[in-house]
Amino acid sequence: MDRFKLEECSWKDVDAYLQTDNRIILPVGSTEQHGVFAPLGTDTYVAKAIAEEAGQQSGVLVAPPLWFGWSPHHLVKPGTISVRAETLIEMLSDVIGSLAEHGFAHFVVVNGHRIVNIPWMQIAAERVQRTLGVRVVLFDPAYMSKEIAAKLDFGPIGHGEEIEISHMCHCHPDLVRLAEAADNPHTATPLYNLDPQDPRDTLCYVPATRSGLQAVYDKTADTITGRPSEATPEKGQAYHEHLVRRLVEVLEMITGD
Ligand SMILES: [Zn+2]
């Protein structure tokens, strides 16, 4: 089938696809502030870019992205839309449930909103696997890019840092105003090191309170953490291509059962 985006297919196209395949990719992001220089949709754009390129390469359908995530801390800035984790669990379960009704059985959820989306996605995935007999795989770029991130000498994961901004500079250069980016390097917090690559002991993640994050951002040049000034489209392309290759591998692993 030429079309690989679900929203561009007719029901008949989907019916034909289901005769030979039961896999589908679901990109999930957020709509939240990413500093003054990057769009609110950054997390969704990057998930969608990985999902669509891997879907096109492997002939696997891609569902329309979920543009909303759990972003209570980022309500510090306008345009952010945060949906409660409880609602997101229900939404993802309903999306998967609708698709399962007609025969989709293998779901690969591509996360663009990092650590914050993972807990509710895990709860929804466990529930639908148990109740609907489907299989759900959670594909998170931070966990799936440890090898390439080290090679590209990326700094730690933050928010609007060089990793996701490089990715955006590759996928959507028209939406990033890099000249306006101001770095806000990480500051050490004892026993709190949340980058999946960090080998040190750490407490688990809890989204900051809105006032807590505001207090942090009051002291910084922009409402991000990291060094976006070091972002380049070349690094973004290498990172993107690595993730697409990994997602294609994952899709191949779940073929045929
Ligand atoms: Zn982001």
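Keep in mind the model is a prediction, meaning the values are calculated, not measured.

Conventions we followed
Residues numbered from 1 in each chain as written. Predicted model: local features only at pLDDT ≥ 70, side-chain atom pairs only at ≥ 80, totals over all residues. Heavy atoms only, no water. Salt bridge = Lys/Arg side-chain N within 4 Å of Asp/Glu carboxyl O. Helix = DSSP H or I, 4+ residues; strand = E, 2+ residues; numbered from the N terminus. Buried < 20%, exposed > 50% of the residue type's maximum accessible area, 1.4 Å probe, protein only. Donors = N, O, S within 2.8 Å, 3.2 Å for Na, K, Ca; no water. Tetrahedral: all angles 85-135°; square planar, octahedral: opposite > 155°, others 65-115°. 1 Å grid on protein atoms, 1.4 Å probe; cavity = no way out; pocket = protein on both sides within 12 Å on 5 of 7 lines; lining within 4 Å. Points joined across faces, edges and corners; volume = space filled by probe spheres on them. Nonpolar A, V, L, I, M, F, W, Y, C, P; charged D, E, K, R; others polar. Pairing = 2+ DSSP bridges. Right-handed = clockwise from strand over helix to strand, strands pointing away.

Colleague: I tried to follow the pattern of salt bridges on my own but got confused; where do I start?
Modeller: Opposite charge on two side chains lets them pair, provided their charged atoms get close. Overall, the coordinates contain 13 salt bridges when judged by the stated rule. Where D13 meets R3, a salt bridge forms, and the shortest distance between an N and an O atom there is 3.6 Å. Residue D13 is found in helix α1 (residues 11–18), and its partner R3 is found in the segment before α1; the two are separated by 10 residues along the sequence. In this structure, the salt-bridge partner of K235 is E162, at a minimum N-O distance of 4.0 Å. Of the two residues, K235 is situated in helix α8 (residues 233–253) and E162 in helix α6 (residues 162–171); the sequence distance between them amounts to 73 residues. We classify E162 as buried; its relative accessible area is 3%.

Colleague: Just checking my understanding: could you explain the coordination of the zinc ion for this structure?
Modeller: Coordination of the zinc ion by the protein is provided by H34 (NE2), D43 (OD), E164 (OE) and E164 (OE), with metal-donor distances spanning 1.9 to 2.7 Å. The coordination sphere of the zinc ion comprises four donor atoms, whose angles at the metal cover 51 to 144 degrees; the geometry is irregular. Donor residues for the zinc ion, ordered by position in the chain, follow H-x8-D-x120-E.

Colleague: Teacher, can you tell me more about empty space enclosed by the protein here?
Modeller: Summary: where empty space remains is shown by rolling a probe the size of a single water molecule over the atoms. With the rule as written, the count across this model stands at one cavity of 30 Å³ or more. Forming the boundary of the largest cavity are V46, I50, N111, G112, R114, P141, A142, E164, H167 and Y239. Residue assignment for the lining of the largest cavity shows that the elements contributing at least two residues are α2 (42–58) and α6. Grouping the constituent residues of the lining of the largest cavity by class yields five nonpolar, three polar and two charged.

Colleague: Is there a simple way to explain the pairing of strand β1 (residues 23–28) in this structure?
Modeller: It is a general feature of regular strands that their side chains alternate between the two faces of the sheet. Counted residue by residue, β1 has six buried out of six residues, so it is predominantly covered. Here β1 shows no split at all, with R23, I25 and P27 on one side and I24, L26 and V28 on the other all buried. Here two bridges tie β1 to strand β2 (residues 61–62), and the two strands are oriented parallel to one another. Its bridge partner being in β2, I25 is matched across the sheet by V62. Handedness of the crossover joining β1 and β2 through α2 is recorded here as right-handed.

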